[in-house]
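# Summary of structural features
Now for the letters of each chain:
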Amino acid sequence: PVPASLSAMRVLVAGGAGYIGSHTVLALLAAGHDVVVVDSFANAKPAVVGRLEELSGLPIPVHRFDLTDAERTDALFEAEHFDAVIHFAGLKAVGESVAKPALYYRNNVDSTLSLVEAMARHDVRRFVFSSSATVYGEKAPVPYREDWEYLESTNPYGQTKVMIERILTDVAAVNPAWRVALLRYFNPVGAHASGRIGEDPSGIPNNLMPFLSQVAVGRRERLTVHGDDYPTADGTGERDYIHVEDLATGHVAALDHLDAMSTPVRAFNLGTGTGTSVLALLRAFERAVGRELPYTVGPRRDGDLPASYADPTRAHVELGWRATRTIDDMCADSWRWQSQNPTGYPEA
Ligand code: NAD
Ligand code: WQD
């Protein structure tokens, strides 16, 4: 159970119909906050809203528009009062961002600017942003620490995160009333324990966990392991997988901590601190499913790092938050969602 927040806030959740946003909506409601969602549904299915209402027992107000539209964004703040904004709304496919960089810069940067400008105009200063471990680039040593200063990313998607962190830092520098948490997620996986909400990628999944789930449910023939000659324990890439429900409570913790933050802007890693290899995740998923899954080993994937994992100390010390769910929990919950919803959410 999520402990009740000390002071209930009315929170605008931008991108709240998406994978991480939908789980966070439930955690916010469980903590006693009021939630309003804005989402373009560019990468979400309307059916998620009914599932959230079913799970929470509460009506969830949803505004459907594109946040790059600054006028619509401002009109929402004119019409309604918010105490804080949590900003998940963005495009996130790394490969697509390489093919369509302008789309990614336009969508991710402009949606942030619309929000920040509307917030400033309506004196809303609490902001929680979905950043990513990708901002540590190729040169930072693992485990990644927030005080690493040279932020860069190997792809346009990641560069939008670097740029947005910069923009938010500059905005807060001129008006220290801002309270901005930059949450750098590691590899979110898993699903709500009910099996009613989860990750529903369109097309062929790029990420390991949804690909594995689709192999298990029979939608893909076999997993291709992208390289087994990395300088890691078993030669396959190591990542810091974090259960999406732990990530969701991390947002509640960050929101509750904003007013007590020592500086207007602060970055926090949201990870477990442990790297898990591709083969170890495959084995854990097989345990969840109860049978072996087919795979082959292919070449390395362009742009992949050997290992990426967090030093999660700052979030623990300052937010009082830590991830508690294990790799087996993550696989069991991903599998429950995938097996109960083999083709994802129903079409409207
Ligand atoms: P998601 O695609 O499921 O959710 C993003 C939501 O934002 C979607 O519902 C989409 O329709 C909406 N959206 C996108 N552009 C919009 C716009 N211009 N206006 C209004 N709505 C818009 O992705 P997610 O996995 O839930 O990720 C949420 C955030 O966390 C993203 O910003 C992502 O970059 C970041 N992040 C994700 C991961 C990951 O691996 N999933 C890792 C690190 C950071
Ligand atoms: C994990 C491991 C792959 C698929 C990406 C983005 C990152 C972040 C999260 C948002 C790697 C291997 C994968 C497959 C495989 N997003 N793999 N076969 O690359 O760590 O992170 O998503 O910020 O920016 O880059 O996650 O799940 O794609 O890969 O062997 O079919 O699984 O090589 O070692 P990644 P991933």
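Residues numbered from 1 in each chain as written. Chains lettered and ligands numbered in written order. Predicted model: local features only at pLDDT ≥ 70, side-chain atom pairs only at ≥ 80, totals over all residues. Heavy atoms only, no water.

By the naming in an unreviewed UniProt entry, the chain is UDP-glucose 4-epimerase, taken from Xylanimonas ulmi. What the UniProt record of the chain gives under Sequence similarities (unreviewed entry) is the line "Belongs to the NAD(P)-dependent epimerase/dehydratase family." (UniProt positions renumbered as here; feature names shortened; annotations may be inferred.)

The next thing to look at is the overall build of the chain. Each helix and strand in the chain was counted, giving eleven helices and 14 strands. In terms of overall dimensions, the chain is globule-like: its C-alpha atoms have a radius of gyration of 19 Å, near the 20 Å expected for 348 residues. Each principal axis of the C-alpha distribution contributes one length, and for the chain these read about 55 × 45 × 40 Å. Evaluated residue by residue, the chain yields a buried proportion of 53% over its 348 residues. Roughly 14,900 Å² of accessible area belongs to the chain as shown, and the carbon and sulfur atoms make up 51% of that amount. Side chains of the chain carry 32 positive and 44 negative charges; the gap between the two charge centres is 2 Å. (Helix = DSSP H or I, 4+ residues; strand = E, 2+ residues; numbered from the N terminus. Rg over C-alpha atoms; globule rule 2.2 N^0.38 Å. Buried < 20%, exposed > 50% of the residue type's maximum accessible area, 1.4 Å probe, protein only. Areas by Shrake-Rupley, 256 points an atom, 1.4 Å probe, with all protein chains shown as cover. Lys, Arg positive; Asp, Glu negative; His and termini not counted. Charge placed at Lys NZ, Arg CZ, Asp CG, Glu CD.)

This brings us to helix α7 (residues 208-216). Within α7, nine of the nine residues are buried, leaving the element largely enclosed by the surrounding structure. Among the residues of α7, L208, M209, P210, F211, L212, S213, Q214, V215 and A216 are the ones counted as buried. If you follow the buried residues of α7, they end up packed against β7 (187-189), β8 (223-226), β10 (241-243), α9 (278-289) and α11 (327-340). (Contact = heavy atoms within 4.5 Å.)

On to the sheet that holds strand β5 (residues 126-132), then. Spatially, the seven strands line up as an open sheet ordered β3-β2-β1-β4-β5-β6-β11, and their pairing is parallel. Two strands bound the open sheet, and with one partner strand each, they are β3 (62-63) and β11 (265-270). Relative to β3, strand β2 (residues 34-38) runs parallel, the two being bridged by two bridges. Each residue of the ladder has a partner; that of V38, found in β3, is H63. Contacting β5, β6 (179-185) and β11, helix α6 (residues 156-174) crosses the sheet at an angle of about 155° to β5. (Pairing = 2+ DSSP bridges. Axes fitted to C-alpha atoms, helices over the stretch in contact; angles between N-to-C directions.)

Here we come to unusual backbone geometry. Of the consecutive residues V142 and P143, the connecting peptide bond is found in the cis state with omega at -5°. In this structure, P143 sits in the loop between β5 and α6. Within the chain, F41 stands out as a residue other than glycine whose phi angle is a positive 60°. In this fold, F41 is placed in the loop between β2 and α2 (47-56). Backbone geometry places D123, a non-glycine residue, at a positive phi of 55°. Along the polypeptide, D123 turns up in the loop between α5 (101-121) and β5.

By the definition in use, this model includes 22 salt bridges. Across the pair E80 and R10 runs a salt bridge, and its minimum N-O distance is 3.0 Å. Here R10 lies in strand β1 (residues 10-14) and E80 lies in the loop between α3 (70-79) and β4 (84-87), a separation of 70 residues in the sequence. A salt bridge links R125 to D123; its shortest N-O distance comes to 3.1 Å. We classify R125 as buried; its relative accessible area is 16%. Residue classification places D123 among the exposed residues on the basis of a relative accessible area of 58%. A single network of salt bridges, built from pairs that share partners, joins K45, D200 and E347. (Salt bridge = Lys/Arg side-chain N within 4 Å of Asp/Glu carboxyl O.)

This part takes up the confidence of the model for the chain. Low pLDDT marks stretches whose predicted atomic positions should not be read closely. Within the chain, residue pLDDT values average 97, and 98% of them lie at 70 or more. At the level of chain-chain contacts, confidence expressed as ipTM amounts to 0.99, with global pTM at 0.98. (pLDDT = per-residue confidence, 0-100.)

Near ligand 2 lie 18 residues; those nearest to it are S132, Y157, T224, R239 and D304. R301 is positioned such that a nitrogen or oxygen atom in its side chain is 2.9 Å from an oxygen atom of ligand 2. Within the side chain of D304, one N or O atom sits 2.6 Å away from an oxygen atom of ligand 2. For ligand 2, the accessible surface in isolation is 690 Å², of which the surrounding protein chains cover 86%. The greatest single-element share of the shell around ligand 2, amounting to four residues, is contributed by β8. Residue composition of the shell around ligand 2, by class: seven nonpolar, eight polar and three charged. (Near = heavy atom within 4 Å. Polar contact = N/O pair within 3.5 Å; in protein donor to acceptor, adjacent residues only side chain to side chain. Nonpolar A, V, L, I, M, F, W, Y, C, P; charged D, E, K, R; others polar.)

This paragraph deals with the site of ligand 1. As a structural note, the neighbourhood of ligand 1 is formed by 27 residues, with I20, D39, N43, K92 and Y157 the closest of them. The backbone of S40 places a nitrogen or oxygen atom 3.0 Å from a nitrogen atom of ligand 1. Its free accessible area being 820 Å², ligand 1 has 95% of it covered by the protein chains. Secondary-structure elements contributing two or more residues to the shell around ligand 1 are α1 (19-30), β5 and α6. Broken down by element, the residue count for the shell around ligand 1 peaks at three residues, all from β5. Classifying every residue of the shell around ligand 1 gives 14 nonpolar, nine polar and four charged.

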